[in-house]
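# Architecture at a glance
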Amino acid sequence: MSPESVDDLVKGSPRPPKDRLIRPLMLMLALLLSSCDPASGTHQRIEGETMGTSWSAQWHDAELDPAWLAAAMEARLEELNRSLSNWREDSEISRFNHGRAHEPMQVSEDLQAVLDAAQGTYEDSEGAFNIALAPLMRAWGFQGSGLPRRPEAAEVRSLLPRTDLSQLKWDSRARQLTKAIDELELDLSALAKGYAVDALSELLLEAGASNHLVEIGGELRARGHRPDGSAWRVAIAQPASLSLSAQPTVPLHNLAIATSGDYQQFFEQDGQRYAHILDPRNGRPARSSTASATVVAASAMQADALATWLMVLDTEDALALAQQRSLAVYLIERLDDGYRIRQSQAMRLLRDTHRGSGITKPGR
Ligand code: AMP
Ligand code: MG
């Protein structure tokens, strides 16, 4: 790791009581949207709820009826949920999960796009990113009706074969999905939100809003620029217990950003912290000291998948990967006596451009 990638050492209590609370609202607030100057007159903002969180969009260059656009966005999100949601029994993905082995299923174009990215990241990460972890997520109490708990090692071992993604046969050209074992289940939570952000951004573009910022639960995509011609600028999410003197921000010009954190969903047992991102190779919550990984990429789905993958890796390995591939990555590392910010060179360069075009005001 190069010395340039080490930033400030941030002092503070690593685990004050408030950090133990799951605070989706705080998280959303943490990722403050940069807003445009209301004096420009055409700035519009709409919002709603989806995927257990909120969405919002803002634009300033097209005379679009906000109610009409909001309805179009809701309709697109409904379509996506019918395809990708693990929380709906009748979704395409749930039907596949309940289906039998060796029975090919024809899938939609939306599911095709998400499966292509999931399969690609699985291969690229040598299995660190894996969309077949649902049985383990339930065993650890992060999904389903059970409370978070540490399962017996034998139980974890017995579930590992059910999470073997090589048991999935994905023929993208034919859009056909087949499993080799009945028990294989897919969970798209690690990248579906990113895909939905990209889909909404596409919709805005088609509607004529070529300068916009769109977000779902803190994953964002920006196109074009703000009314004054400067890049959209967003704040980087951080744990509530980390108080930086200045809010870290990133300028986004035709780019997307996603954050994955171990402080969103976790429990503690016998002094050990267990968070909802699992290492598929041992079936246990990832042991890295990374508290959060923020990635800027061309698409929100790419950023979303990468952020989750980086959370599985050791902090040094995540940073080395980012350097090697010139990825713009901002990591918050948890230390015994505080946090440390680690940035890749690409993130540093990105943040250094457009410096001075500050946030005008929070979006919510
Ligand atoms: P995210 O918030 O985008 O990082 O996604 C986290 C969610 O992805 C978890 O709640 C799980 O449903 C799922 N997940 C957990 N571990 C992994 C992993 N190693 N690879 C892919 N998905 C995962
Ligand atoms: Mg993700």
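We now turn to the structure provided with this report. (Residues numbered from 1 in each chain as written. Chains lettered and ligands numbered in written order. Predicted model: local features only at pLDDT ≥ 70, side-chain atom pairs only at ≥ 80, totals over all residues. Heavy atoms only, no water.)

Right, let's talk about the site of ligand 1 for a bit. Taken together, 17 residues form the shell around ligand 1, and within it Ala128, Asp187, Ser260, Leu278 and Thr308 come nearest. Here histidine 276 contributes a side-chain N or O atom positioned 3.0 Å from an oxygen atom of ligand 1. Expressed as a share of its isolated accessible area of 500 Å², the protein-covered part of ligand 1 is 93%. When residues of the shell around ligand 1 are assigned to their parent elements, the largest contribution, 3 residues, is made by helix H8 (residues 300-312). (Near = heavy atom within 4 Å. Polar contact = N/O pair within 3.5 Å; in protein donor to acceptor, adjacent residues only side chain to side chain. Areas by Shrake-Rupley, 256 points an atom, 1.4 Å probe, with all protein chains shown as cover. Helix = DSSP H or I, 4+ residues; strand = E, 2+ residues; numbered from the N terminus.)

Another point: the side chain of threonine 178. Position of threonine 178 among the secondary structure elements: in strand E6 (residues 176-179). The exposure class assigned to threonine 178 is buried, which follows from its relative accessible area of 13%. When near neighbours in sequence (up to four residues on either side) are disregarded, threonine 178 contacts Phe96, His102, Glu103, Pro104, Gln167, Leu168 and Lys169. (Buried < 20%, exposed > 50% of the residue type's maximum accessible area, 1.4 Å probe, protein only. Contact = heavy atoms within 4.5 Å.)

Glancing now at the nonpolar core. Counting residues in hydrophobic clusters, the biggest one holds 69 residues, and the most contacted among them are Met73, Ile131, Leu186, Leu188 and Leu191. In this structure, this core is formed jointly by two domains, domain 1 (1-86 + 189-208) and domain 2 (92-187), each of which donates at least three residues. The residues contacting methionine 73, other than those within four sequence positions of it, are Ile46, Trp55, Ala57, Leu200, Leu203, Leu204 and Val214. With 19 residues, the next largest nonpolar core counts Val234, Leu252, Ala291 and Tyr339 among its residues. (Core = buried A, V, L, I, M, F, W, Y, C linked by side-chain atoms within 4.5 Å. Domains from an automatic or database assignment.)

Turning to the side chain of glutamate 185, a few remarks are in order. Here glutamate 185 lies in the loop between E6 and helix H7 (192-207). Of the polar contacts made by the side chain of glutamate 185, one reaches the side chain of arginine 138; its length is 2.7 Å. Apart from residues no more than four positions distant in its own chain, glutamate 185 is found in contact with Asn97, Ile131, Ala132, Ala134, Pro135, Arg138 and Arg162.

Attention now goes to the packing of H7 against H8. One way to put it is that H7 packs onto H8 with a least axis distance of 7 Å and a crossing angle of 165°. With respect to their mutual orientation, H7 and H8 come out roughly antiparallel. Like other packed secondary-structure pairs, H7 and H8 cross with a definite hand, here right-handed. Facing H7, whose interface residues are Ala192, Lys193, Gly194, Tyr195, Val197 and Asp198, H8 presents Ala300, Met301 and Asp304. Across the contact of H7 with H8, the residue classes break down as 5 nonpolar, 1 polar and 3 charged. (Axes fitted to C-alpha atoms, helices over the stretch in contact; angles between N-to-C directions. Parallel < 35°, antiparallel > 145°, perpendicular 65-115°, else oblique. Left-handed = near helix turned anticlockwise from the far one by under 90°. Nonpolar A, V, L, I, M, F, W, Y, C, P; charged D, E, K, R; others polar.)

Taking 1.5 Å per residue as the helical rise, helix H2 (residues 66-84) with its 19 residues ought to reach 27 Å, and the 26 Å between its terminal C-alpha atoms agrees with that figure. Of the positions making up H2, those classed as buried are Leu69, Ala70, Met73, Arg76, Leu77, Leu80, Asn81, Ser83 and Leu84. For H2, the angular spread of the buried residues around the axis is 160°, confining them to a single face. Buried-residue contacts for H2 involve strand E2 (44-50), strand E3 (53-59), helix H3 (92-98), helix H4 (109-124), H7 and strand E7 (212-216). Taking the backbone nitrogen of alanine 67 as reference, a side-chain oxygen 3.1 Å away marks aspartate 65 as the first, capping residue of H2. (Expected span 1.5 Å × (residues − 1). Arc of directions from axis to C-beta.)

One open sheet holds the 3 strands; their spatial order is E4-E6-E5, and the pairing between them is antiparallel. The strands lining the two open edges of the sheet, one partner per strand, are strand E4 (105-106) and strand E5 (168-171). In this structure, E5 lies alongside E6, joined through 4 bridges in antiparallel fashion. Among the inter-strand pairings, leucine 168 is bridged to a residue of E6, identified as lysine 179. (Pairing = 2+ DSSP bridges.)

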